[in-house]
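Observations on the three-dimensional arrangement
Chain by chain, the residues run as shown.
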Amino acid sequence: FALGLGAETVADFQKLAFKQAPENRGQWCAVGLWRWSRHPNYFGELLCWWGVFLTCVAGFGSSGAAPYVVAALSPLFIHAFLLLLSGMPLLEDSADSRYGAREDYRLYKLETSPIVPLPRAQYRGLPRWMKKWLLFEFDMYSRKLREPLTAQGGSA
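Structure report, in brief. For every chain, the first residue of its written sequence is number 1, and the numbers climb from 1 along that sequence. Selection of residues for local features in this predicted model requires a pLDDT of at least 70, selection of side-chain atom pairs for listing and counting requires 80 or more, and totals for whole chains, interfaces and linings are taken over all residues. Side-chain numbers here rest on the full set of heavy atoms in the structure, without hydrogens or water.

One finds Tyr-42, Leu-46, Ile-78, Leu-82, Leu-83, Met-88, Ile-115, Phe-138 and Tyr-141 forming the largest nonpolar core, which totals 9 residues. Elements represented by at least two residues in this core include exactly α2 (40-57) and α3 (66-85). Numbering of helices and strands starts at the N terminus; helices are DSSP runs of H or I of at least 4 residues and strands are runs of E of at least 2. Among the elements that make up this core, the one with the highest residue count is α3 (3 residues). If sequence neighbours within four positions are ignored, Leu-82 has contacts with Tyr-42, Glu-45, Leu-46, Gly-87, Met-88 and Pro-89. Formed by 5 residues, the second largest nonpolar core is a distinct cluster that contains Trp-28, Ala-95, Tyr-105 and Tyr-108. As used here, the term nonpolar core means buried Ala, Val, Leu, Ile, Met, Phe, Trp, Tyr and Cys residues forming a set that is joined through side-chain atoms within 4.5 Å. Burial status follows relative accessibility: with a 1.4 Å probe on protein chains alone, a residue under 20% of its type maximum counts as buried, one over 50% as exposed, and anything between as partly exposed. We call two residues contacting when some pair of their heavy atoms lies within 4.5 Å.

Structure, rendered in structure tokens:
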């Protein structure tokens with residue numbers, strides 16, 4: 001829980017400081033945790049919810065599966081909400097519409113994990129299936145780009 005709260009707080013303050021600097025007007029945030037993740041604040045949020053879940057289940061003992069399943073509903077709902085329904089799809093669409101024609105943004109997007117903070121060089125070298133199924137790099141996060149991203153960073 002504490003790690004998630006710390007990550008979310010740091011990411012939010014980094015983005016706030018970035019947006020308040022006049023020289024960053026018209027730019028996307030790629031400093032601090034945002035250098036390693038396109039949504040590090042959501043990563044922290046998810047860690048918070050899974051931390052609460054783990055804290056709760058520690059007290060369930062041998063009470064059967066039902067309490068574990070019910071307790072998992074909250075973090076699973078938040079996970080689905082942020083990754084699939086609201087948060088990330090809307091923000092990715094907005095950023096793609098705004099910056100999608102810029103090659104430097106397209107390279108940032110191609111090399112930066114959508115949620116789990118990872119060094120860009122490490123993320124870039126991962127196989128596509130791993131990015132999609134383990135690190136949540138879903139196709140819907142690039143649906144507003146005029147041309148699809150390629151492994152070289154340019155257009156297809």
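Let's pick the thread back up.
Another aspect to go through is the environment of Leu-91. Examined against the element boundaries, Leu-91 turns out to sit in helix α4 (residues 87-99). Among the residues examined, Leu-91 registers a relative accessible area of 40% and is labelled partly exposed. C-alpha separation for the pair Leu-91 and Tyr-141, spaced 50 residues apart in sequence, amounts to 8.7 Å. Residues within four places of Leu-91 in sequence aside, it is in contact with His-39 and Tyr-42.

In this structure, Glu-8 sits in helix α1 (residues 2-20). With relative accessibility at 18%, the residue Glu-8 sits in the buried group. Taking the C-alpha atoms as reference points, Glu-8 and Glu-45, 37 residues apart in sequence, are found 6.1 Å from one another. The residues contacting Glu-8, other than those within four sequence positions of it, are Asn-41, Gly-44, Glu-45 and Cys-48.

Here the focus is the side chain of Glu-111. Along the polypeptide, Glu-111 turns up in helix α5 (residues 103-111). Here a polar contact is recorded for every N or O atom pair within 3.5 Å, except that within protein the pair must consist of a potential hydrogen donor and a potential acceptor, and residues adjacent in sequence are included only if both atoms are side-chain atoms. In terms of polar contacts, Glu-111 uses its side chain to reach the side chain of Arg-124, at 2.8 Å. Other than its neighbours up to four places away in sequence, Glu-111 contacts Arg-120, Tyr-123 and Arg-124.

The next subject is the pattern of salt bridges. Basic side-chain nitrogens of Lys or Arg form a salt bridge, by our definition, when they fall within 4 Å of a carboxyl oxygen of Asp or Glu. Here the structure, examined in full by the defined rule, presents 9 salt bridges. Ionic pairing is found between Asp-96 and Lys-109, a salt bridge with its closest N-O pair at 2.7 Å. Placement of the pair is Asp-96 in helix α4 and Lys-109 in helix α5, with a sequence separation of 13 residues. Its relative accessible area of 3% is what places Asp-96 among the buried residues. Looking at Lys-109, the relative accessible area reads 1%, which means it is buried. Of the charged contacts, one joins Arg-124 and Glu-111 as a salt bridge, the two residues approaching to 2.8 Å between their closest N and O atoms. Of the two residues, Arg-124 is situated in helix α6 (residues 120-124) and Glu-111 in helix α5; the sequence distance between them amounts to 13 residues. One network of salt bridges, with partners in common, ties together Arg-38, Glu-92, Asp-96, Lys-109 and Glu-137.

At a minimum axis distance of 3 Å, the contact between α3 and α4 shows a crossing angle of 20 degrees. With respect to α4, the axis of α3 lies roughly parallel. Facing Phe-81, Leu-82, Leu-83, Leu-84 and Leu-85 of α3, the residues of α4 in contact are Gly-87, Met-88 and Pro-89. Only Asp, Glu, Lys and Arg are considered charged, only Ala, Val, Leu, Ile, Met, Phe, Trp, Tyr, Cys and Pro nonpolar, and every remaining residue, Gly among them, polar. Looking at side-chain class alone, the contact of α3 with α4 contains 7 nonpolar, 1 polar and no charged residues. Think of each axis as a best-fit line through the C-alpha atoms, taken over the contacting stretch in the case of a helix, with angles from 0 to 180 degrees between the N-to-C directions. For classification purposes, angles smaller than 35 degrees are called roughly parallel, those larger than 145 roughly antiparallel, those between 65 and 115 roughly perpendicular, and all remaining angles oblique.

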